[in-house]
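The lines below spell out each chain.
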Amino acid sequence: MKIERMETHGEEKRIQQDYGVSELCAKVLACRGCDNDQIRQVLNTDLTLHPCSSPELTLILKRLDTARQRHEKVLIAGDYDADGLCATAIMKEALDRAGIVNGFYIPHRLNEGYGLSAQTVQLAKEKGYSLILTVDNGVAAHAALTLAKQLGIEVIVTDHHVIQQEPECLTLLHPTQMGKPWQYCCGAGIALQLSMAMTGARKRPIMLAAIATIADMMPLWEENRILVRLGLKYLNERQFTAIEALNEKKCEVWTEKEVAYQIVPKLNAAGRLAELCNINNIVRYLLLEDPAQIEAAAVQIRQINQKRRQMSDKMTKTAMERIRSEDAFHVIADDQFHEGIVGLVAGRIMNETHRPTLVLAPSTQGYKGSVRSVPGLDIQSFFEDLRGYLIQFGGHAQAAGVELAADQLEPLRQAILAKMETLAIPLEEPVLQVLPVSAQQISLTALHELDQLAPFGQQFEPVTFEVSGLTILQYAKMKEIYPKWQTTNGSDLIDAISFNRDLDNPHPVSWIGQLQINRFRGREKCSILVETVE
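This section reports on the structure supplied with the text. Fair warning: this is a prediction, and the values are worked out from it, not measured in the lab.

**Describing helix 9 (residues 187-199)**
If you check helix 9, its first and last C-alpha atoms are 18 Å apart, about what 13 residues at 1.5 Å a residue would give, namely 18 Å. A large share of helix 9 lies buried, amounting to 10 of its 13 residues. What helix 9 keeps buried is the set G187, A188, G189, I190, A191, L192, Q193, L194, S195 and M196. Taken from the residues just after helix 9, G200 is the one with a positive phi, measuring 85 degrees.

Okay, structure coming up:
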């Protein structure tokens, strides 16, 4: 992997002077190209959420109040990923508290697919629902919306996905209409705005919306930044029992990274392996209060996630054995692959080989699969003139889902490879961007201040540092495997630790990795989680 050192062009001096932050934090803000408004957002300590009062939201509130007065039944139509599950739980709790008769439904990923379907609308009619409220889906459910109109069911759509054709519904609540500061809201973020308007700002919906925002990798600016910070603050009160029960590694502090690694995969696993559980039970789980019921359900969720890990590892191994190194675009199909896991496997292969990758599993019509792309290759555009080979296609620049007939697999593969030959796309190994800092810029005070810049994520990514100027006091292998350097900058002891067992350099000039505070038995120490050394 190539190392590219980021330039700050002296901008950190202005930021340090104007905002009174440490040189280390000023460098981070400068290398991320933050403008003054973004710097103010990052340094803002006010965790007050902003209630939306758009005309669409007001109309929804009036319609829901009418439903309450008329004792109508409202169906919440959700989605099977973490955002959709959290959004459904938020709305379920809000409607319950508002005294509105309601039910909810999450579609089976493999049998029904994404979004509100005509089948769900038909079932809703048969069960006496007169109003459907979608969360995290709906803008593309045109067939279902048409049927709902024919059956006399009104539909409120709340969604954050790209609108390609205006949905025909009672009203649409979408971030593009809500405007600033809600323009980056995910499905659960929109549901939270409705919940707040109906029953006030409460901790559980805020925590669920924060988890969903992290899960859907939304830009961490404007309302999202406040929401995630506030949600993490509430999570660290350790009162959300259903979430704590999923915390297998017992992390000491909930951060955006811990949520992404400890919670999000477990919520998503149930949707991916829909045959192993009723996905609707995940919504019920998020709203449980009884500790015994929570623990019993949490055991099952953890087991499903473990199964997902095992299947993902096995499928990845099989897929890696199938790839042809000369192919500029990997197309891998196997009759033993699982449709719910193909996206994870495609992502892994793409990261490992630095090539765009399509992984396919058998489906009723042939194959369903997921594409993961590399920087510089827009999958949406790439497949524009290949749609003739496909039954379905949907996605965005870097990821997409496809379905095709079995007899189109080899023609599609050949068409993809032929098209790649015509494109001048440099499919090079990825570049690791690092921010050079001197050992003297590192202290516990500076690292505490660095923590205050969090959350890091989409459009404000965590920085990988290159630290030079450290004096090595001792070098050893933890458990005789993992390299550890005990170093000093003259005033602070700094441990540099790597979990790359192939890394073995007793006398590096610089250490590349994440700066963090190591906490043990009430003591704090500066440390570097090392990716590589120079």
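**Considering empty space enclosed by the protein**
Applying the stated rule across the entire model yields two cavities of 30 Å³ or more. Computed from the structure, the largest cavity encloses a volume of approximately 50 Å³. Lining the largest cavity we find L49, C185, G189, L192, Q193, M196, E223, N224 and L227. Of all the secondary structure elements, the ones that give two or more residues to the lining of the largest cavity are helix 9 and helix 11 (222-235). Top element by residues in the lining of the largest cavity is helix 9. It accounts for four residues. Taken together, the residues of the lining of the largest cavity break down into five nonpolar, three polar and one charged. Reported here for the second largest cavity is a volume of approximately 40 Å³. Forming the boundary of the second largest cavity are A77, G78, Y105, P107, G115, L116, S117 and T120. Here the residues of the lining of the second largest cavity are counted per class, giving four nonpolar, four polar and no charged.

**Some thoughts on the environment of I332**
Relative to the elements of secondary structure, I332 occurs in strand 7 (residues 330-333). Take I332: its relative accessible area is 3%, and that puts it in the buried class. Every residue in contact with I332, bar those within four places of it in the chain, is listed here: A319, R322, I323, F337, I349, T357, L358, V359 and L360.

**Digging into the state of the cysteines**
Within the structure shown, the criterion is met by zero disulfides. We note that C169 lacks a disulfide partner, and the nearest cysteine sulfur, in C52, lies 16 Å from it. The thiol of C251 is unpaired, and the distance to the nearest cysteine sulfur, on C86, comes to 16 Å. By relative accessible area, which is 10% here, C251 ends up buried.

Reading the values: rules and limits
- Residues numbered from 1 in each chain as written.
- Predicted model: local features only at pLDDT ≥ 70, side-chain atom pairs only at ≥ 80, totals over all residues.
- Heavy atoms only, no water.
- Helix = DSSP H or I, 4+ residues; strand = E, 2+ residues; numbered from the N terminus.
- Expected span 1.5 Å × (residues − 1).
- Buried < 20%, exposed > 50% of the residue type's maximum accessible area, 1.4 Å probe, protein only.
- 1 Å grid on protein atoms, 1.4 Å probe; cavity = no way out; pocket = protein on both sides within 12 Å on 5 of 7 lines; lining within 4 Å.
- Points joined across faces, edges and corners; volume = space filled by probe spheres on them.
- Nonpolar A, V, L, I, M, F, W, Y, C, P; charged D, E, K, R; others polar.
- Contact = heavy atoms within 4.5 Å.
- Disulfide = S-S within 2.5 Å.

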